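Here's the letter readout for the chains.
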Amino acid sequence: MEPENCSALMMTRKRKSQEENCISSTFLMDELNEDLLEGVLCRLPTSAFFRLSSVCKRWKSVASSSSFKLACSHIPSRDPWFFMVDSHLNRSIVFDSAERDWKKLNHPPLLQKSSNCNAMPVSASGGFICFRNPYGNFVVCNPVTGSCNEQPPLDPALQSLTFHAIVMSACPNKHDQSSYKLAVVFGELPKLSFRVYNSSSGCWEEEIALSKKFNDDDISKELDDSTEFDSNDDSVYFLSKAGNVVTTNMQRSPSKQYSSVITSKDGEEIVHFLSSSGSIVACNLTSKCFIEYPRLLPVFYEYSIDLVECGGRMLVVLLSEFFESASLRIWCYDEDVRSWQQIAAMPPSMSHEWCGKNVDINCVGAGNQILICLSSAEISSCVMCDLSANEWDELPKCFVDGEAIEFMSAFSFQPRIEASL
């Protein structure tokens with residue numbers, strides 16, 4: 001046989017073998033019963049769910065079935081998506097950490113109503129994000145499906161008070177992705193209170209006051225009303241290195257003015273937030289008390305700070321400048337020795353470019369990852385830190401209609417199509 005004929009025969013056999021394998025794979029998928037097919041498809045990345053309905057009629061039927069959503073609820077966790085916030089509040093752009101790319105979602109219909117126009121995202125947990133509209137009311141939505149629910153309004157008298165923290169927490173039932181709690185901490189230090197909305201009951205619980213506590217020789221003492229309280233909340237003015245008069249009051253992105261996280265330890269829920277002067281306050285909702293942590297830096301230092309929750313811990317991300325260079329470090333408070341411990345630092349080659357640019361950082365944690373939005377009048381960037389591997393990567397720019405978007409902050413959530421409202 002001629003070499004050319006040999007080669008043609010081999011190519012024909014190879015093509016035939018590939019076609020047989022393809023037919024065999026298709027046949028096997030077609031032969032799967034409904035339960036097995038749902039069990040396979042529910043393990044796909046969430047972004048693939050949007051394409052299921054275009055594969056075939058059977059898959060389209062599966063994607064819309066309640067049994068498929070139930071199968072999805074048995075997947076314990078999914079790679080987080082990050083809901084990005086820029087100056088245009090009436091659109092939904094997310095960063096998919098699994099595929100490491102940007103996605104533009106349909107903005108939820110309820111948030112397009114005039115009363116909810118320009119609603120600001122304030123917290124997230126599980127598969128939900130909580131927005132606060134211009135009237136002070138809360139709207140909880142699943143950004144993947146677009147389903148929304150407007151919460152019963154708080155008492156009008158509370159709307160005029162100072163809100164320090166707004167946090168969401170998914171309920172621990174791993175097969176119920178639709179239950180959550182929303183907690184708000186308000187008042188003027190040292191007189192703080194909180195209220196909790198429980199989605200299971202569909203109403204706000206009674207207002208509960210928080211008492212101030214401190215540690216003295218390992219004995220926790222409660223302060224009574226006659227005890228003087230130094231909240232460090234009064235503005236302190238000083239001269240910056242440039243000779244400008246500045247104040248220590250925190251100037252935060254509007255989307256992070258309620259910068260706060262919630263953690264759970266030994267069955268106790270603790271809300272952590274930044275006061276207006278940059279001190280960190282921890283409110284124990286279970287024991288109904290709060291404490292202030294010691295400052296990381298003296299009050300007269302210039303720095304940007306934010307809180308995140310990672311792996312059940314409250315961490316602090318701090319960007320400061322020393323000796324003509326910028327330093328971005330991550331800290332954890334050690335309760336045993338009552339001091340801050342550094343657990344990670346951005347490589348100096350990356351952080352140095354932020355020196356002298358008056359950068360504001362807004363951060364969010366998810367698992368062992370921290371997404372850091374760095375922004376100033378001169379420069380904008382998003383950096384992902386993997387704490388377990390101590391890796392720092394700058395995210396690719398996001399373009400909409402040919403224009404690079406500058407993000408102010410972000411909120412992390414799990415993309416779950418079964419989380420309904």
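Above this text you will find the structure in question.
What you see is a predicted model; the values in this text were computed from it and never measured. (Residues numbered from 1 in each chain as written. Predicted model: local features only at pLDDT ≥ 70, side-chain atom pairs only at ≥ 80, totals over all residues. Heavy atoms only, no water.)

Asker: How would you summarise the overall build of the protein chain if you had to cite specific residues and measurements?
Answerer: In terms of regular secondary structure, the protein chain is built from 7 helices and 30 strands. Relative to its 421 residues, the protein chain shows a buried fraction of 48%. Partitioning the contacts of the protein chain with sequence separation of at least 6, the portion at a separation of at least 24 is 51%. By element, 50% of the accessible surface of the protein chain is carried by carbon and sulfur atoms, the whole surface being about 21600 Å². (Helix = DSSP H or I, 4+ residues; strand = E, 2+ residues; numbered from the N terminus. Buried < 20%, exposed > 50% of the residue type's maximum accessible area, 1.4 Å probe, protein only. Contact = heavy atoms within 4.5 Å. Areas by Shrake-Rupley, 256 points an atom, 1.4 Å probe, with all protein chains shown as cover.)

Asker: Tell me about the pairing of strand β9 (residues 180-188), residues and numbers included.
Answerer: For β9, a buried count of 7 out of 9 residues is recorded, marking the element as mostly surrounded by other parts of the structure. Sheet topology note: the strand β8 (residues 163-170)/β9 ladder contains 7 bridges and is antiparallel. The partner of Ala165 across the bridge, within β9, is Val185. Relative to strand β10 (residues 191-198), β9 runs antiparallel, the two sharing 8 bridges. Residue pairing in the sheet places Ala183 in a bridge with Val196 of β10. (Pairing = 2+ DSSP bridges.)

Asker: Run through the environment of Glu292, naming residues and quoting values.
Answerer: Among the secondary structure elements, Glu292 is positioned in strand β19 (residues 289-292). At a separation of 3.1 Å, a polar atom in the side chain of Glu292 contacts the side chain of Ser279. (Polar contact = N/O pair within 3.5 Å; in protein donor to acceptor, adjacent residues only side chain to side chain.)

Asker: Please provide a residue-by-residue account of the packing of aromatic side chains, values included.
Answerer: Evaluation of the coordinates by the stated rule reveals 13 aromatic pairs. Judged by centre distance (5.8 Å) and plane angle (85 degrees), the ring pair of Phe83 and Phe131 falls under edge-to-face. Here Phe83 is found in strand β1 (residues 81-85), whereas its partner Phe131 is found in strand β5 (residues 128-132), with 48 residues between them in sequence. Judged by its relative accessible area of 3%, Phe83 is buried. A residue is classified by how much of its surface remains accessible, and Phe131, at 2% relative accessible area, is buried. Connected via pairs of aromatic rings, a cluster forms that spans Phe128, Phe138, Tyr180, Tyr197 and Trp204. (Phe/Tyr/Trp six-rings, centres within 6.5 Å; stacked < 30°, edge-to-face > 60°.)

Asker: Explain the side chain of Asn362 to me, and be specific about the residues and the numbers.
Answerer: Here Asn362 is to be found in strand β24 (residues 360-366). For Asn362, a relative accessible area of 1% gives the class buried. For Asn362, the side chain forms a polar contact with the main-chain oxygen of Met408, separated by 3.1 Å.

Asker: Give a description of the sheet that holds strand β6 (residues 138-141) that names residues and reports values.
Answerer: One open sheet accounts for 4 strands, arranged β4-β5-β6-β7; its pairing is antiparallel. Looking at the sheet topology across the chains shown, the edges are occupied by β4 (120-125) and β7 (148-150). Strand-to-strand, the axes of this sheet are offset by a mean angle of 25 degrees, without reference to chain direction. Here β4 pairs with β5 via 5 bridges, running antiparallel. (Axes fitted to C-alpha atoms, helices over the stretch in contact; angles between N-to-C directions.)

Asker: Give a description of the nonpolar core that names residues and reports values.
Answerer: Core analysis: the largest hydrophobic core is formed by 30 residues, its most contacted members being Leu41, Leu52, Phe68, Phe83, Phe131 and Phe413. Non-local contacts of Phe131, meaning those with residues more than four positions away in its chain, are made with Phe83, Leu111, Ala119, Met120, Pro121, Val122, Asn137, Phe138, Val139 and Cys141. By size, the runner-up hydrophobic cluster in this structure holds 24 residues, among which are Cys310, Leu315, Ile370 and Trp392. (Core = buried A, V, L, I, M, F, W, Y, C linked by side-chain atoms within 4.5 Å.)

Asker: Requested: an account of a nonpolar patch on the surface, with residues and values cited.
Answerer: Nonpolar side chains collect at one region of the surface, where Phe300, Tyr301, Phe322 and Phe323 lie side by side and expose about 480 Å² of accessible area between them. Position of Phe323 among the secondary structure elements: in the loop between β21 (313-322) and β22 (325-334). Classification of Phe323 as exposed rests on a relative accessible area of 83%. (Patch = residues over 30% accessible without salt bridge, like charges linked within 9 Å, V, L, I, M, F, W, Y side chains within 5 Å. Salt bridge = Lys/Arg side-chain N within 4 Å of Asp/Glu carboxyl O.)

Asker: Any chance you could break down helix α5 (residues 66-73) for me, citing the residues and the numbers?
Answerer: One full turn of an α-helix is made of 3.6 residues, so residues set three or four places apart face in the same direction. Those residues of α5 that fall on the buried side of the exposure criterion are Phe68, Ala71, Cys72 and Ser73. In the core, the buried residues of α5 are packed alongside α2 (34-41), α3 (46-49) and α4 (57-63).

Asker: Would you mind going over the sheet that holds strand β26 (residues 380-386) in detail, with residue names and values included?
Answerer: A sheet is described by the order of its strands in space; here 4 strands give the open sequence β24-β25-β26-β27, paired in antiparallel fashion. Each edge of the open sheet is held by one strand with a lone partner, namely β24 and β27 (391-394). Taking the axes of each pair of neighbouring strands and ignoring which way they run, one obtains an average angle of 20 degrees across the sheet.

Asker: If you had to explain the environment of Ser77 to someone new, which residues and values would you point to?
Answerer: As for its placement among the helices and strands, Ser77 is situated in the loop between α5 and β1. Remark: the alpha-carbon pair of Ser77 and Pro415, spanning 338 residues in sequence, is separated by 9.3 Å. Apart from the residues lying within four places of it in its own chain, the contact partners of Ser77 are Gln414 and Arg416.

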